[in-house]
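# Breakdown of the fold
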Amino acid sequence: MKRYILHTSFNIYHFEAASWVHAVHTHTYFEIIFILKGRGIHNMNGNAFPYTQGDVFLLGPQDYHDFAIEELTEFCFIRFNESIHKHYGEEKDSNGQPIIKALLTTSSQSRGSIVLDNQEKKKLHALLMVLEAEYERHQSSHFAIIRDSLMRCMLMILARNLFDQTSARPLVSHSVEAMLLYIRQHIYQPDKLRIENLAEAFHYAPAYISLFFKKQTGESLKQYIIKHKIKLIEARLLYSPLSLAQIAYEFGYTDESHFCKQFKKYTGITPTTLRTGRHK
């Protein structure tokens, strides 16, 4: 898999495309992706997320992705490397740094566009316009200060939206779509996906929620959660450098042995066999 390298600490890449010419790839840097117009599918870490005008994505160095463009799309990519991340973390006088650090170290494996609210999207796009205008004068001695201030604002807004989404309990909707979203958001937190905790989150009786889910999807709740997790693990094995023990820990398995046994039960092969390609 190709790995793109950023040779400067920061840049902005603004373009239109009718088709995506890059293969699935990773980066050595962070990337905020703005969808300014168009629609299609953003494939991230083995997940497919529909995108449309106004969506905003955040990727880190371990994430891999590509796009399937369905309608002429205008993109704006803000790319910044680890040096800026560390610079933000070293500024002890800012109360927002732990929040930004949490944002940049939170996996985007199971999330699509971070921002759902239209007003929040407008704020981010307004900041983007100012940042792009300033970037045209990046040789100015004032640029780095202005850039860092604008980036902090963007990252804080992204953090607010991300953490509000993942911490909110889906009380307003009891639909199976809401349950599927909840499962994707908490796939790394097995305790939150226990039947009793799901039932509490959606205000169903524990005995009823499984029946409701199977009636709506044709599949048991437990089987769906395991299969979704296995699909994500397959992508991790193929495209990430993480060890089996690290992947097992990431997905909440108590030990590597249990992880390997369950993976083989549902795929017919061991994680090592998939990773080395001996199953072909």
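Residues numbered from 1 in each chain as written. Predicted model: local features only at pLDDT ≥ 70, side-chain atom pairs only at ≥ 80, totals over all residues. Heavy atoms only, no water.

### Some details on the pattern of salt bridges
Across all of its chains, the model carries eleven salt bridges by this definition. One salt bridge connects Glu-16 with Lys-37, and the closest N-O pair in it is separated by 2.8 Å. One end of the pair, Glu-16, is in strand S2 (residues 10-17); the other, Lys-37, is in strand S4 (residues 30-44), and 21 residues separate them in sequence. Residue classification places Lys-37 among the partly exposed positions, given a relative accessible area of 29%. It is possible to trace a salt-bridge network through shared partners that takes in Arg-39, Glu-70 and Glu-71. (Salt bridge = Lys/Arg side-chain N within 4 Å of Asp/Glu carboxyl O. Helix = DSSP H or I, 4+ residues; strand = E, 2+ residues; numbered from the N terminus. Buried < 20%, exposed > 50% of the residue type's maximum accessible area, 1.4 Å probe, protein only.)

### Some words on the packing of helix H5 (residues 176-185) against helix H6 (residues 195-202)
Contact geometry of H5 with H6 gives a least axis separation of 12 Å together with a crossing angle of 130°. Compared by their axis directions, H5 and H6 come out oblique. Where H5 crosses over H6, the two elements pack in a sense that is right-handed. The residues of H6 that touch H5, namely those facing Ala-178, Met-179 and Tyr-182, are Leu-198, Ala-201 and Phe-202. Taken together, the residues of the contact of H5 with H6 sort by class into six nonpolar, no polar and no charged. (Axes fitted to C-alpha atoms, helices over the stretch in contact; angles between N-to-C directions. Parallel < 35°, antiparallel > 145°, perpendicular 65-115°, else oblique. Left-handed = near helix turned anticlockwise from the far one by under 90°. Contact = heavy atoms within 4.5 Å. Nonpolar A, V, L, I, M, F, W, Y, C, P; charged D, E, K, R; others polar.)

### Topic: the side chain of Glu-120
By secondary structure assignment, the location of Glu-120 is in helix H3 (residues 118-135). A polar contact of 2.8 Å, which involves the side chain of Glu-120, links it to the side chain of Lys-123. Those residues in contact with Glu-120 that lie beyond four places of it in its chain are Val-115, Ile-157, Arg-160 and Asn-161. (Polar contact = N/O pair within 3.5 Å; in protein donor to acceptor, adjacent residues only side chain to side chain.)

### Remarks on helix H7 (residues 206-217)
Over its twelve residues, H7 runs 17 Å from end to end, which matches the ideal 16 Å to within 8%, given 1.5 Å per residue. For H7, the complete set of buried residues consists of Ile-209, Phe-212 and Phe-213. Down the axis of H7, the sector holding all buried residues measures 95°, keeping them to one side. Opposite its buried face, H7 presents the exposed residues Ala-207, Leu-211 and Lys-215, each directed more than 90 degrees away. (Expected span 1.5 Å × (residues − 1). Arc of directions from axis to C-beta.)

### Notes on the packing of aromatic side chains
Here the structure, examined in full by the defined rule, presents 25 aromatic pairs. Each member of the aromatic cluster is reached from another via a ring pair, and the members are Tyr-13, Phe-15, Trp-20, Tyr-51, Phe-67, Phe-75 and Phe-77. Over the face of the ring belonging to Phe-10 we find Arg-147, whose NZ or CZ atom lies 5.3 Å from the ring centre. Between the NZ or CZ atom of Lys-229 and the centre of the ring of Tyr-253, over which it lies, the distance is 5.0 Å. (Phe/Tyr/Trp six-rings, centres within 6.5 Å; stacked < 30°, edge-to-face > 60°. Lys NZ or Arg CZ within 6 Å of the ring centre and 35° of its normal.)

### A look at the pairing of S4
Counting buried residues in S4 gives eleven out of 15 residues, a clear majority hidden from the surface. Taken together, the 13 bridges between S4 and strand S7 (residues 65-80) define a ladder with antiparallel strand orientation. Bridge pairing in S7 places Arg-39 opposite Glu-71. Pairing analysis gives four bridges linking S4 to strand S6 (residues 56-59), with the strands arranged antiparallel. (Pairing = 2+ DSSP bridges.)

### Some points on the packing of H5 against helix H8 (residues 221-239)
For the pair H5 and H8, the least separation of the axes is 11 Å and the interaxial angle reads 45°. Relative to H8, the element H5 lies oblique. Considering how the two elements wind past one another, H5 and H8 form a crossing that is right-handed. Touching Leu-180, Ile-183 and Arg-184 of H5 are Leu-221, Tyr-224, Ile-225 and His-228, all from H8.

### Observations concerning the nonpolar core
Ile-183, Phe-202, Phe-213 and Ile-233 are the most contacted members of the largest nonpolar core, which totals 33 residues. Where this core is concerned, the elements lending two or more residues are H5, H6, H7, H8, helix H9 (244-250) and helix H10 (256-267). No other element matches H8, which puts eight residues into this core. Setting aside anything within four residues of it in sequence, one finds Ile-183 in contact with Leu-193, Phe-213, Leu-221, Tyr-224 and Ile-225. In this structure, Val-56, Ile-114, Phe-143 and Met-154 belong to the second largest nonpolar core, which totals 29 residues. (Core = buried A, V, L, I, M, F, W, Y, C linked by side-chain atoms within 4.5 Å.)

### With respect to the environment of Val-21
Relative to the assigned elements, Val-21 resides in the loop between S2 and strand S3 (25-27). Given the relative accessible area of 69%, Val-21 is considered exposed. Sequence separation between Val-21 and Phe-67 is 46 residues, and the spatial gap between their C-alpha atoms is 8.9 Å.

### As for the environment of Tyr-13
Along the chain, Tyr-13 turns up in strand S2. On the basis of relative accessibility, which here comes to 36%, the residue Tyr-13 falls in the partly exposed class. Once residues lying within four places of it in the same chain are set aside, the contact partners of Tyr-13 are Phe-75, Cys-76, Phe-77 and Arg-79.

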